[in-house]
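Fold and geometry: a report
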Amino acid sequence: MSGLAVAVAHPNIALSKYWGKRVGSGNFPAVPSLSVTLSGLSTRTVVQFDQALSADHLELSGRRADEVAEGRAVALLDRVRQASGIACFARVESVNDFPTASGLASSASGFAALALASARAAGLDWDAARLSDLARRSSASAARSLFGGYVELDAGPPSPTDADTLQARPLAPVHHMPLVVLVCVTTEGAKSVGSTEGMRATLETSPYASAWLDFAPRLHARLRAAVLSADLPEVGRLAESSALAMHASAIAAGVVYWTPPTLAAIAAVKALRESGLTAYATVDAGPHVKVLVARTDADAVGDAMRRVPGVLRVIEARPGAGARCVDGGVAS
Ligand code: PMV
């Protein structure tokens, strides 16, 4: 083992949203989710275990990470140390080519890349499923970014403990549907409420928490069937419904990720659809709108979205591959 590994991972966009955790330890989702891993946005992470270090050291985009981010990375590194028997600390350098912590799923690609790079640097030859479980303990959406294409993650067991495991699994390959995801960036800043805190507030205080927990698995089953039959308009309709229901439950708890450009972008997508284009909106824990479009409509929809007031830029993403080591070793 060299003690050093480099991994690249992409964010994923949830079509059927994970929002809410199981009570208990281990970071288990309360609802199932289904996502598509995206090319066009990526995180590159270098991990080196080094006997000369007196503590773990995390740099994000060239800057020393804050205590919270470093603490989350250290928790993952501790699991890797425990499994591998490695006793020394690690230097971690991670770079995103898109805004960090703004609802663009940086935790998904970040923890997927960290799980893969740190396991490989420690000499652990874990497969993608085991790495997915490792990543899930830090960020459940990260469990999905270990795999490419369309990926599913079940809800956790009803009363989970740390000893339980849960990993994502691939559902359909990258080229399954002619889908393009237009990421409409509305701010370059960090989001106001992290997803963990937003989920906690929603489940504890939203009058619509139980409605969400009841609706999400039923929506998920329909969306899963639509993905398997490659019915893109139905996938788009159901994905939009999932996002709207998730945000309705969060908003009722005072967790409002939307800004005026978010609403303008959602309205623009609806108008484009009424004009005959295949375009559906989805929004994660941030103000950006991601538009799910048929490949043939991507240019027309992209041009229209660039003109929406408050949309700073539009990134064109397509279904992409799972996390991989850049020296060529794939996770699976
Ligand atoms: O895994 P987290 O803590 O980054 O939460 C992800 C939450 C959403 O992005 C809003 C939904 C999802 O399934 O990715």
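Residue positions within a chain follow its written sequence, with the count starting from 1. Predicted model: local features are reported for residues with pLDDT of at least 70 only, side-chain atom pairs are reported and counted for 80 or more only, and whole-chain, interface and lining totals are derived from all residues. Processing note: side-chain calculations cover all non-hydrogen atoms of the structure and skip hydrogens and water entirely.

Re the pattern of salt bridges
Selection rule: Salt bridge, as used here, is a side-chain nitrogen of Lys or Arg placed within 4 Å of a carboxyl oxygen of Asp or Glu. Helix and strand definitions follow DSSP, with helices as H or I runs of at least four residues and strands as E runs of at least two, each counted in order from the N terminus. For every residue, the accessible area obtained with a 1.4 Å probe (protein chains only) is divided by the maximum for its type, and the residue is called buried under 20%, exposed over 50%, and partly exposed between those limits.
This structure, assessed with the given rule, holds 18 salt bridges. Its salt-bridge partner being Arg224, residue Glu152 comes within 2.7 Å of it at the nearest N-O pair. Taken as a pair, Glu152 in strand 8 (residues 150–153) and Arg224 in helix 6 (residues 209–228) lie far apart in primary sequence, 72 residues in all. Judged by its relative accessible area of 2%, Glu152 falls in the buried class. For the salt bridge of Glu274 with Lys270, the shortest nitrogen-to-oxygen distance reads 3.9 Å. Of this pair, Glu274 and Lys270 are both found in helix 8 (residues 260–274), four residues apart, which corresponds to roughly one turn of the helix. The class for Glu274 is exposed, based on a relative accessible area of 62%. Among the charged side chains, a salt-bridge network with shared partners connects Glu152, Asp154, Arg169 and Arg224.

Let's talk about the packing of aromatic side chains
Operational definition: The rule is short: rings of Phe, Tyr and Trp, with Trp giving its six-membered ring, pair when the centres are within 6.5 Å, and they are stacked under 30 degrees, edge-to-face over 60, tilted in between. Both a distance and an angle decide whether a charge sits over a ring: NZ of Lys or CZ of Arg must be within 6 Å of the ring centre and within 35 degrees of the ring normal.
Within this structure, the stated rule accounts for one aromatic pair. For the ring pair Trp19 and Tyr257, a centre distance of 6.0 Å and an interplane angle of 85 degrees mean the geometry is edge-to-face. Placement of Trp19 in the loop between strand 2 (12–16) and strand 3 (33–39) and of Tyr257 in the loop between helix 7 (232–251) and helix 8 is noted, with a sequence separation of 238 residues between them. Under the relative-accessibility criterion, Trp19 is labelled buried at 2%. When the ring centre of Phe28 is taken as reference, the NZ or CZ atom of Arg136 above it lies at 3.9 Å.

Section: the side chain of His288
Inclusion rule: Counted as a polar contact is a pair of N or O atoms within 3.5 Å, where, for protein atoms, one must be capable of donating a hydrogen and the other of accepting one, and residues adjacent in sequence contribute only when both atoms are in side chains.
Within the secondary structure layout, His288 lies in the loop between strand 11 (279–282) and strand 12 (289–294). In this structure the side chain of His288 is engaged in a polar contact, spanning 3.1 Å, whose partner is the backbone nitrogen of Thr186.

Some details on unusual backbone geometry
In terms of backbone geometry, most residues other than glycine have negative phi values and most peptide bonds are trans. Notably, Ser61 is not glycine yet its phi reads approximately 50 degrees, a positive angle. Here Ser61 shows up in the loop between strand 5 (57–60) and strand 6 (63–64). Given a relative accessible area of 43%, Ser61 falls into the partly exposed group.

Describing the domain arrangement of the protein
The parts lose accessible area when they come together, and the size of an interface is often stated as this lost area. To be explicit about the condition: In this document the domain limits rely on a domain assignment from an automatic tool or a database. Note on contacts: a residue pair qualifies if any of its non-hydrogen atoms lie within 4.5 Å across the two residues. Accessible-area loss on putting two parts together, using a 1.4 Å probe and summing over both, is the definition of buried area adopted here.
As far as domains go, the protein holds domain 1 (2–175) and domain 2 (179–317). The C-alpha-based centres of domain 1 and domain 2 are spaced at 23 Å. Taken together, the 29 residues of domain 1 in the interface contact 46 residues of domain 2. Between domain 1 and domain 2, a total of about 3,000 Å² is buried, with carbon and sulfur atoms accounting for 71% of that surface. Summed over the three residues of domain 1 that lose the most area to domain 2, namely Leu15, Lys17 and Trp19, the buried surface amounts to 29% of that side. Summed over the shared surface of domain 1 and domain 2, the result is two salt bridges. Seen at the junction of domain 1 and domain 2, the total is eight residue pairs in polar contact (both at pLDDT 80 or more).

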